[in-house]
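One letter stands for each residue in the lines below.
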Amino acid sequence: MDELLPADSPRTDGLDQEYVGALVALDGELPPIVVHRASMRVVDGMHRLAAARSRGDRSISAFLLDVPEHSLFAVAVSLNIAHGKPLTHADRLAAAGRILRENPALSDRYVASVTALSPRTVSRVRRSTAEVAQSNTRIGLDGKRRPADLAGVAGGRQRAGELMLERPEASLREIARAAGISLGTAHDVKKRLLLGRDPVPEGRGGARAADRAGHTAEARVPGPRRPRRDPASPRESGELLERLRKDPALRLSQSGRFLLRCLAVHDVDGSVWARLATTVPPHCAEGVSKLARECADMWLRFAEQVDREARGGRTGQRSHTSA
């Protein structure tokens, strides 16, 4: 333990001695700390380390972390949010400001995923922190750089909307790549079009930003008008899944049982997903985000195909009845 360097802690008030005392009183081995292998600097667990030293322990269990040294602070923030003594709101705001000062190109969503703040709050921190340098690009959760100016973002959304109407068979990943936007933004554009809304939300560039990008307000992409469907509440979704489980057409066929198992995997309350998102380490965020969006994309395509099959079946039944 003598070889360990103190953490670059995101806690603005330092160690909580009362919390250290509570750890000292615990029987048995303390939970492992996290240490950066190359520098032997503590990343997470300074309270546990202080308690171990107070108890006279000669050693403490540790996970060794292999990440670039410049990422240690962000990792420390993420780990201290996920477990142990949680960071205060003030700690997380201060951490967001520091991360933005050190790397202003990181997107608001990226910093929000690390600090457990909302992207809107991170945006306010960015605007209120004078030391944050201005950058023309942003690095998203997928690690890619994209334009940060409103005209560029609005133009990318507008182009994505046009491509979705021109190439309905194209995947969202292809649309995002062609329009120069993130996959998450492509998902949002498609959702807005399905609801008959403008691809560019009000307050995110609007018509003036689109004009600067070479589009006029009259040239907006008209979204296909579809009946708006309000999202089901968790209780309604659970009841619907239970009814499907009792339906013999699904329950008594192999494909139906497989479909029910797939649907049951996602029968989780939204608050559980929200808490789960805060536990994803920053160095895993890109992979988790990518797979989650791919799953969402596959389910959306599946839902659209089910709707098409159902409409085709009803049309066939009407034609047969007329004959």
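Up top is the structure.
So, here's what we can say about the structure. Bear in mind that the values here come from a model prediction, so they are computed numbers and not experimental data.

**Looking at the overall build of the chain**
Helix and strand counts for the chain come out as 15 helices and five strands. Here the chain holds 323 residues, and 36% of them are scored as buried. Within the chain, counting contacts between residues at least 6 apart in sequence, those at least 24 apart form 66% of the total. Taken as a whole, the chain presents about 19700 Å² of accessible surface, with 54% of it coming from carbon and sulfur.

**Details of the packing of helix α5 (residues 108-115) against helix α6 (residues 119-128)**
Across the interface, α5 lies against α6 with an axial gap of 8 Å and an inter-helix angle of 110°. Our classification of the angle between α5 and α6 gives roughly perpendicular. Facing D108, R109, V111, A112 and T115 of α5, the residues of α6 in contact are P119, V122, S123 and R126. Grouping the constituent residues of the contact of α5 with α6 by class yields four nonpolar, two polar and three charged.

**Some details on the packing of aromatic side chains**
Applying the stated rule across the entire model yields one aromatic pair. The ring of F73 has R98 sitting right over it, with the charged end atom 3.9 Å from the ring centre.

**Details of the sheet that holds strand β1 (residues 33-36)**
Strands belonging to one sheet form pairs held by backbone hydrogen bonds; the direction of such a pair is parallel or antiparallel. The three strands lie next to each other as β2-β1-β3, forming an open sheet whose pairing is mixed. Edge positions in the sheet fall to β2 (41-44) and β3 (62-65), since each has one partner strand and no second. Taken over all neighbouring pairs, the strand axes of this sheet differ in orientation by 40° on average, direction set aside. The pairing of β1 with β2 spans three bridges and is classified as antiparallel. Its bridge partner being in β2, H36 is matched across the sheet by R41. Seen against the sheet, helix α2 (residues 46-55) touches β1 and β2 and runs at an angle of roughly 120° to β2.

**A look at α2**
Counting buried residues along α2, seven of its ten residues qualify, which places the element largely inside the surrounding structure. Restricting attention to buried positions, one finds in α2 the residues M46, H47, R48, L49, A50, A51 and A52. Taken from the residues just after α2, G56 is the one with a positive phi, measuring 80°.

**Focus on the environment of A94**
One can find A94 in helix α4 (residues 89-102). Spatially, the C-alpha atom of A94 lies 8.9 Å from that of R11, the residues being 83 residues apart in sequence.

**Describing the environment of A51**
Mapping A51 onto the fold places it in helix α2. Judged by relative accessible area, A51 falls into the buried class, the value being 0%. Taking the C-alpha atoms as reference points, A51 and Y19, separated by 32 residues in sequence, lie 9.0 Å from one another. Apart from residues no more than four positions distant in its own chain, A51 is found in contact with V20, L23, V24 and L30.

Criteria and cut-off values
Residues numbered from 1 in each chain as written. Predicted model: local features only at pLDDT ≥ 70, side-chain atom pairs only at ≥ 80, totals over all residues. Heavy atoms only, no water. Helix = DSSP H or I, 4+ residues; strand = E, 2+ residues; numbered from the N terminus. Buried < 20%, exposed > 50% of the residue type's maximum accessible area, 1.4 Å probe, protein only. Contact = heavy atoms within 4.5 Å. Areas by Shrake-Rupley, 256 points an atom, 1.4 Å probe, with all protein chains shown as cover. Axes fitted to C-alpha atoms, helices over the stretch in contact; angles between N-to-C directions. Parallel < 35°, antiparallel > 145°, perpendicular 65-115°, else oblique. Nonpolar A, V, L, I, M, F, W, Y, C, P; charged D, E, K, R; others polar. Phe/Tyr/Trp six-rings, centres within 6.5 Å; stacked < 30°, edge-to-face > 60°. Lys NZ or Arg CZ within 6 Å of the ring centre and 35° of its normal. Pairing = 2+ DSSP bridges.

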